[in-house]
Protein chains: 2
Amino acid sequence: MDLACVLTLFLQDLVSSCVNPSIMDIKIGASTWPPQASEDYIAKCLKKDREGTSIQLGFRISGFQIYGNKESGFWKADKQFIKSFSTEDVRLVLRKFVSSNASADLDSDPDCAFASVVYGGSSGILAQLLELKAWFEDQTIFHFYSCSVLVMYEKELTVEGRSSGAAVKLVDFAHVVEGVGVIDHNFLGGLCSLIKFISEILTTPYEYPAKTCPHDTEKNRLCSDNSAME
Amino acid sequence: MDLACVLTLFLQDLVSSCVNPSIMDIKIGASTWPPQASEDYIAKCLKKDREGTSIQLGFRISGFQIYGNKESGFWKADKQFIKSFSTEDVRLVLRKFVSSNASADLDSDPDCAFASVVYGGSSGILAQLLELKAWFEDQTIFHFYSCSVLVMYEKELTVEGRSSGAAVKLVDFAHVVEGVGVIDHNFLGGLCSLIKFISEILTTPYEYPAKTCPHDTEKNRLCSDNSAME
């Protein structure tokens, strides 16, 4: 079956109805290269997968914007800075994403004030990721390489006690190949790893590993505009 | 935490209580190399993972013995032959494993006569694999590279209507590394893929892809002894 026969592409502006969305782009899968790719392409991807957290965690954060407030605007980290993320950095940023005190100061301890509303609940991020997981455990038509989940919510709405608008969207289909009757174990494994990280934020207290934090805060960039992620 | 502090190794002869066990060794994980391994080791493993079905399926069959009857004894396939397995070959052998008419003749259609008893049921292979999956979704202490699940049962007991002795055992711990708070997404993804293959045998009819079968039956070897797998 040719993918061209069954795929219809709908383009959607995922944040068109949002005012100041906090968004995180998480590239799922330990491997970002399809098995059929050229040797050069595989070598290039493998290098990136090993340099980032993909091999270790089964996913890597590839971009984010976290809304602070009207004065501070968005916190967007520099791409090079994100590329150097360790496991602990990923853990910390996933906490900052749902904190009222998120800032570029990576030495500050996130309060995870919105975790239960954004990550938890019957329509929260975790529930949506678990729904996606159930689909990946069964579907054998597509394999998604170098594909991301966008995780987003509206902090201002959350603060006001309205629906957070928490949403998970699958994006970046440039390297989707046919599954030929096999599940996408690469995506599924990484997704399960992300689910574990999110679950732990909801269930376990956090001790900020100050002594082991490798950050250089000068690498960060605090923005005050509302533009899309770079 | 050093693995040496928490690991105690018990050696067990897994088939000591068996008479004529049918056994399959399935190496789990798309990648058989730990991220910390040397460049040479990674290159060597990656080559094998790509040549076999590991990258494609998230697991590969690395050995088996299937008991026929007193006259025919065990069917054991040649190692080189197993290395050349395609996805369809894996699907076929997993069916032959639970068939009354399993033989080295790969053109014969397996009847899957013991599938419901061996793979299915509350204590069958699938139930045990699902239990293992639940553990891998949660545990973050160990990562198992190049590790196998042994799947086994006793055909003679099954034919007699007694307990099949269906069992799943985790073996080969030469490349176990610390999980440092992250699930083993590589093993988990491959395990989910194997679970899907087994589930399909229990739930969907099979059409033997005679035209696409790439086998050279001369590569097979039919043994009539009861020795352990080579």
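None of the values given here were measured: they were computed from a predicted structure.

Considerations on the interface of chain A and chain B
Working step 1: Contact with chain A, which involves 33 residues of that partner, is made by 33 residues of chain B.
Working step 2: The junction of chain A with chain B conceals about 2,500 Å² of combined surface from both sides, 56% of it contributed by carbon and sulfur atoms.
Working step 3: When the buried surface of chain A facing chain B is broken down by residue, R50, Q56 and H185 of chain A rank first, second and third, together holding 25% of it.
Working step 4: The interface formed by chain A and chain B includes six salt bridges.
Working step 5: One salt bridge in this structure joins E137 of chain B and K133 of chain A, with 2.6 Å as the shortest N-O distance.
Working step 6: Put simply, chain A and chain B have 12 residue pairs in polar contact (both at pLDDT 80 or more) between them.
Working step 7: Only α2 (39-51), α3 (54-57), α5 (87-96), α7 (125-138) and α9 (185-203) of chain A provide two or more residues apiece to the side of chain A that touches chain B.
Working step 8: Top contributing element to the side of chain A that touches chain B by residue count: α9 of chain A, with nine residues.
Working step 9: Of the residues contributing to the side of chain A that touches chain B, the split by class is 13 nonpolar, 12 polar and eight charged.

Considerations on the packing of aromatic side chains
Working step 1: All chains considered together, the criterion is met by 24 aromatic pairs over all chains.
Working step 2: Summarising the aromatic geometry, the rings of Y67 of chain A and F74 of chain A are spaced 5.2 Å apart at their centres and angled 65° between planes, so their arrangement reads as edge-to-face. Both residues of the pair, Y67 of chain A and F74 of chain A, count as buried.
Working step 3: Between F136 of chain B and F187 of chain B, the ring centres sit 4.1 Å apart and the planes meet at 10°, which makes this aromatic pair stacked. You can see F136 of chain B sitting in helix α7 (residues 125-138) and its partner F187 of chain B sitting in helix α9 (residues 185-203), a full 51 residues away along the chain.
Working step 4: For F136 of chain B, a relative accessible area of 0% puts it in the buried group.
Working step 5: Judged by its relative accessible area of 0%, F187 of chain B is buried.
Working step 6: Put simply, the rings of W135, F136, F142, F144, F173 and F187 of chain A touch in pairs and so form one group of aromatic residues.

So, how was this worked out
Residues numbered from 1 in each chain as written. Chains lettered and ligands numbered in written order. Predicted model: local features only at pLDDT ≥ 70, side-chain atom pairs only at ≥ 80, totals over all residues. Heavy atoms only, no water. Contact = heavy atoms within 4.5 Å. Buried area = accessible area lost by both parts, 1.4 Å probe. Salt bridge = Lys/Arg side-chain N within 4 Å of Asp/Glu carboxyl O. Polar contact = N/O pair within 3.5 Å; in protein donor to acceptor, adjacent residues only side chain to side chain. Helix = DSSP H or I, 4+ residues; strand = E, 2+ residues; numbered from the N terminus. Nonpolar A, V, L, I, M, F, W, Y, C, P; charged D, E, K, R; others polar. Phe/Tyr/Trp six-rings, centres within 6.5 Å; stacked < 30°, edge-to-face > 60°. Buried < 20%, exposed > 50% of the residue type's maximum accessible area, 1.4 Å probe, protein only.

Worth remembering: the numbers are spatial, not functional.
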